[in-house]
Amino acid sequence: MPEIGTDRWVAEFESRRVRREGPWGRLIEWSSRRWLWLFAGAAIVYPFVIGGDFGIRVGVNALLLAMLAIGLNVVVGYTGLLDLGYVAYYGLGAYGYAFLASDQFGIHLPTPVVVAVVALVVFGVGLVLGQPARRLVGDYLAILTLFFLQVFVELALNLDRLDLPFVDGPVSITGGPNGIAGVDPMEILGFRFGQVRDYYFLLLVLVILLIVGVTNLARSRTGVGWRAIREDTLAAEHMTIPSGRLKVLAYAFGATVAAVSGTVFAAVQLGVFPQNFTVALLIVVYAALVLGGEGSIPGALVGALIIAMVPELLRTPAGARLLFYGGLLVAGLTLVRPRRRLAVIVPGLLLFGLAVRALVAGIWPGLVAAETAGGVDRWLLRFSASADVVVSVLFVVTIAVALAAVAVRRRRVRDALLILGVYLLVLVWENRLVEEPSITRQLLFGALLVVLMVARPHGLLGRPRVEVV
Amino acid sequence: MGSWVAPEWRWCETMAVLELRGLTKRFGGLLVVDGLDLSVAEGEIVSLIGPNGAGKTTVFNLISGVFTPDGGDILLDGRSIVGLPRHEIARRGVARTFQTLRVFLNMTVAENVIAAEYASGTVGAVRSFLGTPAARAEAERMRAEAERRLAFFGERLVGYRLEQPAYSLSYANRRRLEIARAMATGARLLLLDEPAAGMNPAETQEITRLIGQLRDEAGYTILVIEHDMHVVEGISDRVVALDHGVKIAEGSFDDVATDPAVVEAYLGKGGAATK
Ligand SMILES: Nc1ncnc2c1ncn2[C@@H]1O[C@H](COP(=O)(O)OP(=O)(O)O)[C@@H](O)[C@H]1O
Ligand SMILES: [Mg+2]
């Protein structure tokens with residue numbers, strides 16, 4: 001925790017400015033000011049670069065998650081309301097769209113009308129169900145809102161055989177466990193959404209509008225009031241801020257954002273199913289927000305993109321390789337300080353690999369697979385299939401070396417261990433992990449999250465918070 | 001005809017900004033504030049003194065709506081404010097600082113003050129979301145207003161410090177920020193809870209002068225709790241001494257400081273005897 005009272009911020013003021021100089025620093029400075037344009041540009045190009053439908057579908061999921069995370073950021077990141085029922089409103093939005101635009105009740109309203117009605121109704125529901133937030137804080141509110149989510153899921157599962165007065169036979173409202181299939185695609189101003197790509201661009205527009213709107217809100221008295229409430233509710237009230245009203249407003253705003261993204265979700269998958277809106281999704285949304293940094297809009301965006309896209313990237317060996325070596329490179333550039341240590345470590349790594357290869361090939365040729373052409377194979381050992389056990393053992397050794405490298409203090413020993421560790425890591429990776437995407441995917445993704453959260457406990461783009469004086 | 005006008009005129013002139021009538025508060029069995037009568041007139045600086053645990057902060061908490069009194073009444077401009085929500089009491093013109101500082105730690109200096117300008121705004125969430133010209137204008141006005149408030153403290157909280165997070169401020173600057181924040185609510189009555197606590201002698205002198213300026217230049221009415229007798233002497237029009245929730249003395253600083261009951265409350269019976 002930063003030291004209080006001594007003006008640490010002032011002391012660091014100069015060094016902070018210095019760090020932003022040089023071409024690299026200027027690039028960071030520039031992109032942190034223009035991040036929305038950068039994102040918009042990249043997102044527009046993405047579908048054309050990625051080509052196939054699958055990639056665009058991943059993009060759609062990422063944008064949906066981004067909307068959810070940015071909405072949740074208002075509730076949790078700004079106002080500090082631990083809302084565990086959040087995805088129920090995503091579900092409400094989706095079911096609302098399905099009710100008003102499918103054969104379920106034979107209603108087929110125009111898309112803008114459906115979205116407007118759903119948004120207004122869910123805002124109203126949020127105002128009502130948000131009332132407990134006036135008085136409940138922290139874990140009490142969390143438990144209550146989690147209960148809301150369970151109620152929603154139960155209703156969605158069980159409102160399929162309802163006996164109504166004046167109607168013969170049971171009526172199905174939600175379609176029960178089977179949900180509602182055959183939902184209408186969206187149609188706006190005569191344009192009928194036929195492809196996933198159409199929805200992708202619709203979502204992109206929605207996300208950008210949402211970012212602009214929430215940024216505006218954050219600067220307004222409402223947004224500043226929200227953050228003051230999170231900091232100290234009592235003091236905020238003494239400063240004329242009506243905390244109850246603003247808390248309910250934040251809650252209902254989050255609910256509405258979730259509901260609007262829910263309508264698009266229903267349309268893009270042409271159906272709604274209760275299993276889409278469970279605690280599992282809730283955890284994913286929270287993961288995106290926490291990873292990106294609570295209270296930061298670009299953070300929520302980046303967090304959502306990482307959580308939604310990285311696991312997909314890891315599905316193919318090529319993608320997994322890209323992430324693995326990219327990660328190594330970034331880790332090397334950011335974690336090794338001063339950077340001139342890299343001048344020892346990188347050549348050391350190369351020499352070490354060549355030496356090991358020559359040594360093992362000389363002493364124990366059976367272990368090594370026949371040389372394949374070029375590239376990394378001239379440097380790295382390729383084990384033959386019979387040596388699987390060796391690789392497994394080396395995996396354990398790698399972890400031990402990594403732990404040792406963290407624990408050791410002496411610079412020389414540490415660099416040596418680092419060289420050994422990275423070499424072993426690449427060795428295990430190339431010989432084993434990259435061939436088994438299912439394991440690798442979970443392992444790498446988990447490792448990535450752990451590393452990111454250890455490196456930046458307050459999230460990638462969040463600010464460290466100080467809680468106690 | 002003169003006799004018809006006179007009572008109304010006199011009533012206006014003598015009406016207190018704040019009036020406590022028989023204010024009483026119990027915590028469990030403990031009587032913390034006991035039938036307190038107190039009135040503060042427009043433009044007056046009244047000091048509330050008394051030993052630790054006398055119930056001074058509790059009086060502030062009752063006025064600002066943290067607790068509801070068990071008995072008695074609190075009148076602001078002649079109207080009862082008992083039972084009103086805290087933000088409504090603040091909106092009607094009562095602002096306070098805290099003995100244990102409560103600035104919004106993870107917000108910047110400017111944002112701390114902007115937060116307190118909430119009641120002065122008229123733009124709702126929808127227009128803010130849309131970023132209408134009115135919303136932009138209001139945000140800019142609030143920002144300028146915050147800078148103006150902070151300029152009251154000279155060079156201390158302006159310039160680059162506007163963007164500094166409040167947790168990085170020194171203790172004395174946090175006290176100043178709390179005062180700026182209280183001013184920004186648009187209040188006329190300031191309740192200052194030990195504004196000089198934890199300050200060094202130079203800073204104490206400065207805060208003494210500042211409280212005088214708050215009244216003389218900015219026109220505030222001030223009720224202040226203070227332990228430092230130099231500060232109390234320097235600023236008070238009137239001093240009220242409290243012990244065990246009971247008012248034991250009231251009057252000018254000299255009268256109260258030499259009052260036997262006050263000396264006894266501070267030093268205990270033995271101390272009073274040796275003095
Ligand atoms: N919320 C509370 N609950 C119970 N007792 C309290 C509470 N607040 C204050 N007290 C008690 O009331 C008495 C007066 O406290 P306080 O008003 O803080 O005194 P002062 O500010 O004069 O030092 C003390 O005995 C304190 O322990
Ligand atoms: Mg006190």
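To keep things clear, this report deals only with the structure shown in the data block. Small disclaimer: the values here were computed from a predicted structure and weren't measured.

The rules behind each value
Residues numbered from 1 in each chain as written. Chains lettered and ligands numbered in written order. Predicted model: local features only at pLDDT ≥ 70, side-chain atom pairs only at ≥ 80, totals over all residues. Heavy atoms only, no water. Helix = DSSP H or I, 4+ residues; strand = E, 2+ residues; numbered from the N terminus. Buried < 20%, exposed > 50% of the residue type's maximum accessible area, 1.4 Å probe, protein only. Contact = heavy atoms within 4.5 Å. Areas by Shrake-Rupley, 256 points an atom, 1.4 Å probe, with all protein chains shown as cover. Lys, Arg positive; Asp, Glu negative; His and termini not counted. Charge placed at Lys NZ, Arg CZ, Asp CG, Glu CD. Phe/Tyr/Trp six-rings, centres within 6.5 Å; stacked < 30°, edge-to-face > 60°. Pairing = 2+ DSSP bridges. Axes fitted to C-alpha atoms, helices over the stretch in contact; angles between N-to-C directions. Patch = residues over 30% accessible without salt bridge, like charges linked within 9 Å, V, L, I, M, F, W, Y side chains within 5 Å. Salt bridge = Lys/Arg side-chain N within 4 Å of Asp/Glu carboxyl O.

1. Focus: the overall build of chain A
Each helix and strand counted, chain A has 18 helices and six strands in total. Its C-alpha atoms give chain A principal-axis dimensions of roughly 90 × 60 × 40 Å. The buried share among the 469 residues of chain A stands at 44%. Contacts in chain A between residues far apart in sequence, at least 24 positions, make up 71% of those at least 6 positions apart. Per element, the accessible surface of chain A, about 23,400 Å² overall, is 69% carbon and sulfur. Averaging the locations of the 39 positively and 30 negatively charged side chains of chain A gives two centres separated by 12 Å.

2. Quick notes on the packing of aromatic side chains
Aromatic ring pairs: the centre-centre distance and the angle between the two ring planes describe each pair. Tallied over the entire structure, the rule returns 21 aromatic pairs over all chains. Plain terms: the ring middles of Y90 of chain A and F277 of chain A are 5.6 Å apart, the flat faces sit at 75° to each other, and that makes the pair edge-to-face. Of this pair, Y90 of chain A sits in helix α5 (residues 86-100) while F277 of chain A sits in the loop between β6 (271-272) and α12 (279-292), and the two are 187 residues apart along the sequence. Like F277 of chain A, Y90 of chain A is buried. Judged by centre distance (5.6 Å) and plane angle (80°), the ring pair of F152 of chain B and F153 of chain B falls under edge-to-face. The exposure class of F153 of chain B is buried, given its relative accessible area of 5%.

3. Considerations on the sheet that holds strand β1 (residues 16-27) of chain B
Residues and elements named next belong to chain B. The strand order β2-β1-β4-β5 describes an open sheet built from four strands, whose pairing is antiparallel. Since the sheet does not close on itself, it has two edges, and those belong to β2 (30-41) and β5 (79-80), each with one partner. Contacts between helix α2 (residues 56-63) and the sheet are confined to β1, β2 and β4 (71-76), with β1 contributing the most and set at about 115° to the helix.

4. Looking at the environment of I241 of chain A
Within the secondary structure layout, I241 of chain A lies in the loop between α10 (233-238) and α11 (243-268). Judged by its relative accessible area of 0%, I241 of chain A is buried. As for I241 of chain A and G225 of chain A, which are separated by 16 residues in sequence, their C-alpha atoms are 6.4 Å apart. Excluding residues that lie within four positions of it along the chain, I241 of chain A makes contacts with G225, A228, I229, A236 and L246 of chain A together with H87, A115 and Y118 of chain B.

5. A look at a nonpolar patch on the surface
Residue and element names in this part refer to chain A. Nonpolar side chains collect at one region of the surface, where W24, L27, I28, W30 and L38 lie side by side and expose about 530 Å² of accessible area between them. The biggest single contributor to the nonpolar patch is helix α2 (residues 22-33), with four residues. Structurally, L38 can be placed in helix α3 (residues 35-50). What makes L38 partly exposed here is its relative accessible area of 39%.

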